[in-house]
Amino acid sequence: MVGNHAVYNNLRIEEKNILKKSQQCFAGQGDKGRKSGEIFMVYFMKNCSSEGVLFKTIKEITSELNISHAVLTNVLKTLEDNQFIYRRNGIIGLHPER
């Protein structure tokens, strides 16, 4: 699981709170959607920089998580629609207000 005491420099929030808030984005989805969202967020937190930015391609993420492109796209779209993450120029980052 994720370390409870990591604090991202520009976010000032603990990982457990990030995971908890991200789960709210998937509240209206079924178990599969919620589980995929949680798996991605744990992966994100383990692999992102201290600024809360992930420098991985979609292809790398799908390969490392062993999930389909469609599932990952759905997860990212859900998080983006809820303004939890942003995607720009090949990076995925947490919104600073999170």
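Residues numbered from 1 in each chain as written. Predicted model: local features only at pLDDT ≥ 70, side-chain atom pairs only at ≥ 80, totals over all residues. Heavy atoms only, no water.

### Notes on the sheet that holds strand 1 (residues 53-54)
Thinking step 1. The strand order across the open sheet built from three strands is 1-3-2, with neighbouring strands paired in antiparallel fashion. Since the sheet does not close on itself, it has two edges, and those belong to strand 1 and strand 2 (85-88), each with one partner.
Thinking step 2. Where strand 1 and strand 3 (residues 91-94) come together, two bridges link them in antiparallel fashion. Bridge pairing links Leu 54 to Ile 92 in strand 3. (Pairing = 2+ DSSP bridges. Helix = DSSP H or I, 4+ residues; strand = E, 2+ residues; numbered from the N terminus.)

### A word on the confidence of the model for the protein chain
Thinking step 1. Of the residues in the protein chain, 85% have a pLDDT of 70 or more, and the chain-wide mean is 85.
Thinking step 2. When pLDDT is averaged over each helix and strand of the protein chain, the minimum, 87, is found for helix 1 (residues 15-25) and the maximum, 96, for helix 4 (residues 69-81).
Thinking step 3. Counting interchain partners and residues more than four positions distant, the pLDDT-below-50 stretch residues 1-7 has 15 contacts. (pLDDT = per-residue confidence, 0-100. Contact = heavy atoms within 4.5 Å.)

### Some words on the packing of aromatic side chains
Thinking step 1. Applying the stated rule across the entire model yields one aromatic pair.
Thinking step 2. Centroid distance Phe 40 to Phe 44: 6.0 Å. Interplanar angle 50°. Geometry classified as tilted. Here the residue Phe 40 and the residue Phe 44 both occupy positions in helix 2 (residues 31-47), the gap between them amounting to four residues, near one helical turn.
Thinking step 3. Residue Phe 40 is classed as buried on the basis of its relative accessible area of 0%. (Phe/Tyr/Trp six-rings, centres within 6.5 Å; stacked < 30°, edge-to-face > 60°. Buried < 20%, exposed > 50% of the residue type's maximum accessible area, 1.4 Å probe, protein only.)

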